[in-house]
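Topology and contacts: notes
Listed below, chain by chain, are the residues.
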Amino acid sequence: MAVKAIAENHINPWPDGTVFAKVAWLEQADEKGLVRAGAFFQVEFMIRDSKKYAETLGWGWARWRGADLKPYGKDSNFASECTGCHKPLADTNYVFTMPIRGQQ
């Protein structure tokens, strides 16, 4: 869905059904001070459904931490962490990283 939306320049707002995933690793510096990916830390998802998730900026949020993929948060209220961070990005439909234009 996201790839098609990019090709059609339909990214603001992103269409319902768009899903983004972000994988994070701890940083690890080598002996020269160069930083590279260390141990896996977490994976996060944004799921676009403007009606179902109307109360959370039109996006569903999910996060799993650690190699055992432990669900994050005691209940759905954890989404307030996500919306608090993404709320200033209303002009990009709450998405931090925009696609490179002209890439097919």
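Everything discussed here concerns the structure shown above.
Because the structure is predicted, anything quoted here is derived from the model rather than measured.

Rules of the game
Residues numbered from 1 in each chain as written. Predicted model: local features only at pLDDT ≥ 70, side-chain atom pairs only at ≥ 80, totals over all residues. Heavy atoms only, no water. Helix = DSSP H or I, 4+ residues; strand = E, 2+ residues; numbered from the N terminus. Buried < 20%, exposed > 50% of the residue type's maximum accessible area, 1.4 Å probe, protein only. Polar contact = N/O pair within 3.5 Å; in protein donor to acceptor, adjacent residues only side chain to side chain. Contact = heavy atoms within 4.5 Å. Phe/Tyr/Trp six-rings, centres within 6.5 Å; stacked < 30°, edge-to-face > 60°. Lys NZ or Arg CZ within 6 Å of the ring centre and 35° of its normal. Salt bridge = Lys/Arg side-chain N within 4 Å of Asp/Glu carboxyl O. Patch = residues over 30% accessible without salt bridge, like charges linked within 9 Å, V, L, I, M, F, W, Y side chains within 5 Å. Areas by Shrake-Rupley, 256 points an atom, 1.4 Å probe, with all protein chains shown as cover. Core = buried A, V, L, I, M, F, W, Y, C linked by side-chain atoms within 4.5 Å.

**Side note on the side chain of H86**
Structurally, H86 can be placed in helix α2 (residues 79-86). We classify H86 as buried; its relative accessible area is 13%. Of the polar contacts made by the side chain of H86, one reaches the backbone oxygen of Y94; its length is 2.6 Å. Once residues within four sequence positions are removed from consideration, H86 is found in contact with M46, L57, W61, Y94 and F96.

**Focus: the packing of aromatic side chains**
Applying the stated criterion across every chain yields a total of 4 aromatic pairs. Relative to W64, the ring of F45 has its centre 5.7 Å away and its plane inclined at 80°; by these criteria the two rings are edge-to-face. One end of the pair, F45, is in strand β2 (residues 35-48); the other, W64, is in strand β3 (residues 59-65), with 19 residues separating them in the sequence. Of the residues examined, W64 reaches a relative accessible area of 29% and is grouped as partly exposed. Among the aromatic residues, ring-to-ring pairing joins W14, F20 and W59 into one connected group. Sitting over the ring of Y72, R63 keeps its end group 4.5 Å from the ring centre.

**Things to note about the pattern of salt bridges**
Summed over all chains, the structure comprises 6 salt bridges. Among the ionic pairs, D16 bridges to R48, the shortest N-O distance being 4.0 Å. With D16 in the loop between α1 (2-7) and β1 (19-29) and R48 in strand β2, this pair connects stretches of sequence that are 32 residues apart. Residue class for D16 comes out partly exposed when judged on its relative accessible area of 34%. Residue classification places R48 among the buried positions, given a relative accessible area of 9%. For E44, the salt bridge identified is with K22, shortest N-O distance 3.1 Å.

**Quick notes on a nonpolar patch on the surface**
A cluster of nonpolar side chains, V23, W25, F40 and L69, forms an exposed patch at the surface whose accessible area comes to about 360 Å². Inspection of the secondary structure puts W25 in strand β1. On the accessibility criterion, W25 (48% relative accessible area) is partly exposed.

**Digging into the nonpolar core**
Core analysis: the biggest nonpolar cluster contains 13 residues, and W14, M46, W59, W61 and V95 have the highest contact counts within it. Listing elements by their share of this core, those giving two or more residues are α1, β3 and α2. Apart from residues no more than four positions distant in its own chain, M46 is found in contact with T18, V19, F20, W59, G60, W61, H86, Y94 and V95.

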